[in-house]
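Each chain, letter by letter, is given below.
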There are 2 protein chains.
Amino acid sequence: MREVAVVGVGSTRFGEQWDKSFRDGFAEAGLKAIADARIKGEDIDSIYIGNMSAGKFIEQEHVGALVADVSGLSGFHIPATRVEGACASGALALRQGYLAIASGQNDLVVVAGVEKTTDVASELVEDMQASAADREWEGFQGATLPALFAMMARAHMHRYGTTREQLAQVAVQNHQNATRNPEAQYRRVIKIEDVMGSPWVADPLRVLDCAGAADGASALILAPLDQAKKYTQTPVVIAASSQTSGTLALHDRPDLTTIDSIQAAAQKAYQKAGVQPKDIQVAELHDSYTIAELLALEDLGFCPKGQSGKFVEEGQTLPDGQIAVNPGGGLKGCGHPLGATGVRQAIEIVHQLRGTAGDRQVPNAQVGLAQSLGGTGGTCVVHILRRP
Amino acid sequence: MREVAVVGVGSTRFGEQWDKSFRDGFAEAGLKAIADARIKGEDIDSIYIGNMSAGKFIEQEHVGALVADVSGLSGFHIPATRVEGACASGALALRQGYLAIASGQNDLVVVAGVEKTTDVASELVEDMQASAADREWEGFQGATLPALFAMMARAHMHRYGTTREQLAQVAVQNHQNATRNPEAQYRRVIKIEDVMGSPWVADPLRVLDCAGAADGASALILAPLDQAKKYTQTPVVIAASSQTSGTLALHDRPDLTTIDSIQAAAQKAYQKAGVQPKDIQVAELHDSYTIAELLALEDLGFCPKGQSGKFVEEGQTLPDGQIAVNPGGGLKGCGHPLGATGVRQAIEIVHQLRGTAGDRQVPNAQVGLAQSLGGTGGTCVVHILRRP
């Protein structure tokens with residue numbers, strides 16, 4: 001299989017964008033990415049789009065065809081495919097685009113994630129999140145997605161002595177990072193006391209432990225590495241793309257403090273890329289809830305099992321720590337437009353490896369990782385990117 | 001890229017299955033396909049699932065992870081990806097599975113389509129169909145999916161003299177074919193008078209011009225052709241898999257009597273497979289509405305533009321005609337469980353090419369074609385299958 005490179009990127013700002021529609025979002029991100037790669041629409045071989053909520057929130061399924069159409073590409077009959085895997089939808093789209101190039105099937109692919117979530121009542125967003133978990137065995141019994149992560153947090157605190165303050169530190173740090181990201185939703189500093197004093201969502205998680213609903217769109221362009229110089233002076237290689245499934249429901253897992261779909265996806269990705277956790281300088285992790293970042297740190301092998309709270313508390317995930325985690329602000333700081341998130345994560349890593357991350361640049365980053373989670377771990381996707 | 005073969009197939013019966021859940025449907029079809037290919041679950045490299053309505057109708061997104069889980073495969077961390085392209089969702093899943101094998105990425109892939117549509121009010125099913133068309137420019141103005149196809153039918157009648165009776169003949173024939181298919185929903189003969197006397201849906205289309213909502217699941221197993229004999233004595237080769245986009249809304253098309261996404265998909269597929277329309281003995285066409293089959297007959301090149309009504313009237317699409325169309329009953333006779341349909345169509349062609357189609361066997365079929373449509377043609381997928 002061929003080596004695959006990211007040759008163009010573009011995002012909207014994430015947040016409450018009441019003056020922009022779903023269509024506007026895709027068009028803005030897509031046009032930025034196309035301009036970045038200096039390509040024409042008709043050169044595109046296929047489009048993969050990650051989206052979770054359009055069927056419910058804008059009453060529109062078939063959004064693959066929609067984005068081809070609003071981009072003016074339907075006249076070229078370019079295939080456009082929507083993929084969905086809850087909050088990992090964008091990362092799944094990236095993986096399908098990667099496979100299309102790696103296989104030799106396509107030479108130029110657009111991968112996008114788009115979501116419009118702030119035009120509906122917040123209960124509907126909560127319900128949408130719950131549809132990522134096991135509806136029959138969890139949702140219909142009253143479990144929301146934060147409630148399920150709260151159980152994982154409580155188990156981790158009980159078994160490993162992880163503290164409430166350590167959870168809060170994840171949010172504090174990602175907000176701090178977001179102040180340096182012009183596309184982030186929450187560009188304001190918060191303190192541990194702010195997190196600890198914010199309203200309960202599901203004990204022990206509070207509002208500031210949870211990534212906020214947002215509108216947003218992100219797009220990137222993929223090409224074979226050996227053709228990448230046609231499009232950009234700074235291609236970034238996708239060294240590995242791995243995807244795994246885990247049980248949809250928490251009750252089927254032997255251990256609430258481990259997400260084994262992350263462990264399995266990481267193992268496959270490290271093997272494919274020929275790297276180890278210590279080789280990675282920068283990572284975008286799926287901090288939909290603060291506990292989710294702690295579990296990811298452990299299950300990706302960045303720190304030993306049970307030690308993630310201390311690892312964060314010691315500053316090891318700061319830009320000058322052992323590994324720079326969520327330098328763009330993560331889901332917590334950027335906002336979480338479901339299907340757009342996985343693409344935004346990859347774009348942040350691309351900026352870090354290109355050296356175009358501005359104020360938030362991690363010095364001399366060579367290898368980066370992006371990790372996305374669907375539900376509580378029913379799906380995990382890991383991408384490893386590196387400089388060519 | 002490698003040659004890809006279908007090495008196992010399985011379906012539930014289509015229809016109103018009030019005693020079976022979404023999960024039951026996938027499990028039944030998947031287990032039948034796995035047994036047919038004599039494989040073990042842990043041998044599977046990945047799963048692609050076509051589904052349109054689960055988010056709304058069973059309040060469950062993330063159905064890729066769900067089907068991996070209910071199949072007992074999440075412990076093996078097998079990647080499972082949902083793809084959605086309205087009524088073409090199943091065909092898109094097949095295409096992604098095909099690419100996974102052809103590329104060398106995977107050696108054994110499960111492709112499935114599952115839908116559960118009869119547990120909700122029929123207005124919701126109508127609304128789901130409308131979400132396949134352009135919601136902002138069509139649905140919100142009051143256009144339902146049958147209303148859009150009705151406009152295409154009226155334009156075809158006006159321009160080419162196609163008659164109401166010729167439309168009815170499509171339904172009559174597909175019902176007749178369905179009587180020979182034990183998995184079809186509508187296994188009863190109807191006459192032209194029955195169609196003409198059935199209630200209006202959208203003039204000129206009546207109830208019996210429209211494929212009915214159904215529950216159903218279909219699954220098939222793909223492997224590289226050079227490994228196919230491990231699994232089956234009768235592999236069937238996927239000679240071409242093509243996908244195209246067209247405008248989502250009808251008003252953007254220069255001509256209502258042509259679906260140019262079908263023409264483009266057909267052209268690519270014929271070229272890839274090295275065949276012409278006349279080489280195809282059997283085809284499953286997307287007759288969600290009777291007019292859709294007529295347009296497909298023309299746009300796939302089985303008869304000249306404008307002649308499809310006469311072509312059907314003359315019996316050219318009967319099992320002993322020029323090309324056997326929808327010998328399994330099509331969407332009209334089998335029922336139309338949205339995402340399952342595209343997989344069922346391919347399975348029918350596999351049975352015809354294996355020679356296992358029972359009472360509905362087309363004698364000595366060598367090459368077959370399956371065509372799926374999303375919405376009114378925003379997406380088209382064409383697969384050509386042949387004996388090895």
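Preceding block: the structure.
Attention in this report is confined to the structure presented alongside it. The model shown is predicted, which means the values in this text are computed figures rather than measured ones.

**Looking at the overall build of chain A**
Inference 1: Check the secondary structure of chain A and you find 13 helices and twelve strands.
Inference 2: A globule of 388 residues ought to have a C-alpha radius of gyration of about 21 Å, and chain A, at 19 Å, matches this closely.
Inference 3: Taking all 388 residues of chain A together, the buried fraction comes to 67%.

**A look at helix α6 (residues 145–160) of chain B**
Residues and elements named next belong to chain B.
Inference 1: With 16 residues, α6 extends 23 Å between its outermost C-alpha atoms, agreeing within 8% with the 22 Å of an ideal straight helix rising 1.5 Å per residue.
Inference 2: Of the positions making up α6, those classed as buried are L145, P146, L148, F149, A150, M152, A153 and H156.
Inference 3: In this structure, the buried side of α6 is in contact with α5 (122–130), α7 (164–178), β5 (200–202), β6 (205–206) and α10 (290–299).
Inference 4: G161 occupies a position one or two residues after α6 and carries a positive phi of about 75°.

**With respect to the pairing of strand β2 (residues 46–50) of chain A**
Residues and elements named next belong to chain A.
Inference 1: In terms of burial, β2 is a largely internal element, five of the five residues being buried.
Inference 2: Sheet topology places β2 next to strand β4 (residues 109–115); five bridges connect them, and they run parallel. Counted as the bridge partner of I47 is V110 from β4.
Inference 3: Relative to strand β3 (residues 80–84), β2 runs parallel, the two sharing four bridges. Counted as the bridge partner of I47 is A80 from β3.

**Some words on helix α4 (residues 89–102) of chain B**
Inference 1: Between the first and last C-alpha of α4(B) there are 20 Å, a value that for 14 residues agrees with the 20 Å anticipated at 1.5 Å per step.
Inference 2: Following α4(B) by one or two positions, G104(B) adopts a phi angle in the positive range, close to 90°.

**Re the interface of chain B and chain A**
Inference 1: With 50 residues of chain B at the interface, the matching set in chain A holds 50 residues.
Inference 2: Of all elements in the fold, only α2 (54–57), α3 (63–70), β3 (80–84), α4, β8 (236–245) and α9 (260–273) of chain B reach the threshold of two or more residues within the side of chain B that touches chain A.
Inference 3: A breakdown of the residues in the side of chain B that touches chain A according to their chemical character gives 19 nonpolar, 24 polar and seven charged.
Inference 4: Of the pairings in the sheet, the one linking β3(A) to β3(B) comprises three bridges and is antiparallel in character. Bridge pairing links V83(A) to V83(B) in β3(B).

What counts, and at which threshold
Residues numbered from 1 in each chain as written. Chains lettered and ligands numbered in written order. Predicted model: local features only at pLDDT ≥ 70, side-chain atom pairs only at ≥ 80, totals over all residues. Helix = DSSP H or I, 4+ residues; strand = E, 2+ residues; numbered from the N terminus. Rg over C-alpha atoms; globule rule 2.2 N^0.38 Å. Buried ≥ 20, exposed ≤ 12 C-beta atoms within 10 Å, placed from the backbone. Expected span 1.5 Å × (residues − 1). Contact = placed C-beta atoms within 7 Å. Pairing = 2+ DSSP bridges. Nonpolar A, V, L, I, M, F, W, Y, C, P; charged D, E, K, R; others polar.

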